[in-house]
Amino acid sequence: MQEDSGDDRIGTLTNDILLNILDRLHISDAAKTSILSRRWSQLSAKLPRLTINPVPEDMLSLFGRYVSRAKISDGDFARLNAATFKATKSVLARRDPGQDTIRLLSTTFYLIGDVPISIGHAVGEAMAVHQIEKAEFTVLTVKGREQCSLVDLVSYGTQFVSLFNECRNAFIGLTRLYLENLRFAESNLVSNIFVTCKLLKYLGLFNCDTHKWITLQIEHAQLSELSLVNCRLDKVELKWLPKLTRTTYKFWMSFKELPLSFGHVPLLEFLELTNVTFTSHKMVTLSTLLPETCVQDLRLGFKCEKIWVQPEPPTERLSAAFRGLRIVNLESIPEGHDLTWTMFILEAAPCLEEFYMSVMDHPCEMEMHPEMRRQLYLSENKGVEWESPRSDFEHRRLTKLIIFCFGNYIVSHLRRVMKVAVNLMDVYLYDRVACRYCEHINPLNPGRLPRNKKKLNALRNLLTQGIESPARIHFLTPCPEMDADHAERSPESFR
């Protein structure tokens, strides 16, 4: 490549534009451009964002999320790790210390061999000589959760502890950390992560726990987002987190009350709680959980099984817990059960503006065999009864109601909401679509919205008959072009 050739159109572009182009490439591809010329070598050393991922996007057909990790050999994982480390080391080595701030250094790697420690050392050394605004580790395991045995979890936990102890200089500077499939022998390891990673803004733990059941007490000055999924913990106490804005807690193991409590979390805006409940689980009273918070966006997931939220009559305590609610999303409510209980949320949340709800039985996420359900203590009585003490209730702030997997048995509940939500502007009713994970399974209830205009108009008339409502009713089918807010809050099988 000749830099000053009249035919070299790329060479005439400014450095800023070329950096923008390089920034969109996988790190290993960006590193290869350094051999083109001195200018390209200098440019690749000035990249503002270094996303170090062993699986580039163009390899998703082989190594993407739709392919089980069990189909990928250990050798492939090791080679991917090694190739990415080599490219990363090369790019970091060419950067001039103290120049060109690294806006993002995001590193994804698998716990296999010695490469993770080498990556940790490389990142730690870079932190010592460069200005780095954001530093992220995503630590994955060769086996997915379904393939991991207890021995695997312990082994991965041991490997991570070695990485953590060997590379403290890297962990000290992290702003984001995601871990999965780890069991720690030391009960205080998770607490040590918070002590060491003082700059941490995000922590995600998936299927991580300790040898003994512990109460995890969290105090952290910078953490703004916490995600705990499938973690075997006795209790989680969020004691002092002045910058926490988002919390996700899925699949708690305790059969007692929800093992989560909030202390000083003045900025908490988003809370997601999801669980598959067994007959022994206690119902959760939200007024007890959220009295000192001001959550604006609340997502409750039921995974097509028993409702675990206890409907409550209007009280000052419940009103205080719901005073800030603007958006509520009830995800994967089991089909065929009375939905009247959801009205308690409307009655206690006067500022609610958007109400999302998905009602579905999803075969690939459920245990369908009766005997296995009995052995797992999965309840057959999934619904919950509730009767409102207020016959004259009106809600004046709700403007949007979005229901996924609409069915005829939802008609009466929808009319109930339209009647009390006097300023409701839009009702979006989405049909059911086949899940990509269970396309081979016949759905329990296939798509049920009418397919012709005449029948749709008849359904619209049925919904509005005798109700004075300004709401526009939209009949929709989920698709890639659906509204972005709807897509983000739709059931996982829609995405």
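Higher on the page you've got the structure.
This text gives an overview of the structure that appears in the document. Remember, predicted model here, so these are calculated numbers, not experimental data.

A tally of regular secondary structure across the protein chain gives 16 helices and 17 strands. Rg of the C-alpha trace for the protein chain: 26 Å, near the compact-globule value of 23 Å for 495 residues, within the 12% margin. Taken along the three principal axes of its C-alpha coordinates, the protein chain extends 75 × 60 × 45 Å. Long-range pairs, those at least 24 residues apart, make up 73% of the contacts in the protein chain between residues at least 6 apart in sequence. Accessible surface computed for the protein chain: about 23,900 Å², of which carbon and sulfur atoms make up 50%.

Here the focus is the pattern of salt bridges. Taken as a whole, this structure holds 21 salt bridges when the rule is applied. With a closest N to O distance of 2.9 Å, Glu 146 and Arg 145 form a salt bridge. Glu 237 is the salt-bridge partner of Lys 239, the closest N and O atoms lying 4.0 Å from each other. When salt bridges with common partners are traced through the structure, they connect Asp 297, Arg 299, Glu 488 and Arg 489 into a single cluster.

A word on helix H1 (residues 15-22). Of the residues making up H1, those classed as buried are Leu 18, Leu 19 and Leu 22. Down the axis of H1, the smallest arc covering the buried residues is 100 degrees, so these residues share one side.

Pairing within the open sheet is parallel, and its 3 strands lie in the order E6-E8-E10. Strands at the two margins of the open sheet, each flanked by one partner only, are strand E6 (215-219) and strand E10 (260-264). When the angles between neighbouring strand axes are averaged without regard to direction, this sheet yields 15 degrees. Where E6 lies against strand E8 (residues 235-240), 5 bridges are found, and the strand directions are parallel. Residue pairing for E8: Ile 218 is matched across the bridge by Leu 238.

In a regular helix each residue adds 1.5 Å, so 15 residues correspond to 21 Å; helix H6 (residues 115-129) covers 22 Å between its end C-alpha atoms and thus fits that length. Every buried residue of H6 is listed here: Val 115, Pro 116, Ile 119, Gly 120, Ala 122, Val 123, Gly 124, Ala 126 and Met 127. The elements touched by buried residues of H6 are helix H5 (74-93), strand E2 (102-110), strand E3 (132-140), helix H7 (150-166) and helix H8 (168-171).

Each value, and the rule that gives it
Residues numbered from 1 in each chain as written. Predicted model: local features only at pLDDT ≥ 70, side-chain atom pairs only at ≥ 80, totals over all residues. Heavy atoms only, no water. Helix = DSSP H or I, 4+ residues; strand = E, 2+ residues; numbered from the N terminus. Rg over C-alpha atoms; globule rule 2.2 N^0.38 Å. Contact = heavy atoms within 4.5 Å. Areas by Shrake-Rupley, 256 points an atom, 1.4 Å probe, with all protein chains shown as cover. Salt bridge = Lys/Arg side-chain N within 4 Å of Asp/Glu carboxyl O. Buried < 20%, exposed > 50% of the residue type's maximum accessible area, 1.4 Å probe, protein only. Arc of directions from axis to C-beta. Pairing = 2+ DSSP bridges. Axes fitted to C-alpha atoms, helices over the stretch in contact; angles between N-to-C directions. Expected span 1.5 Å × (residues − 1).

By themselves, these observations are geometric and do not establish any function.
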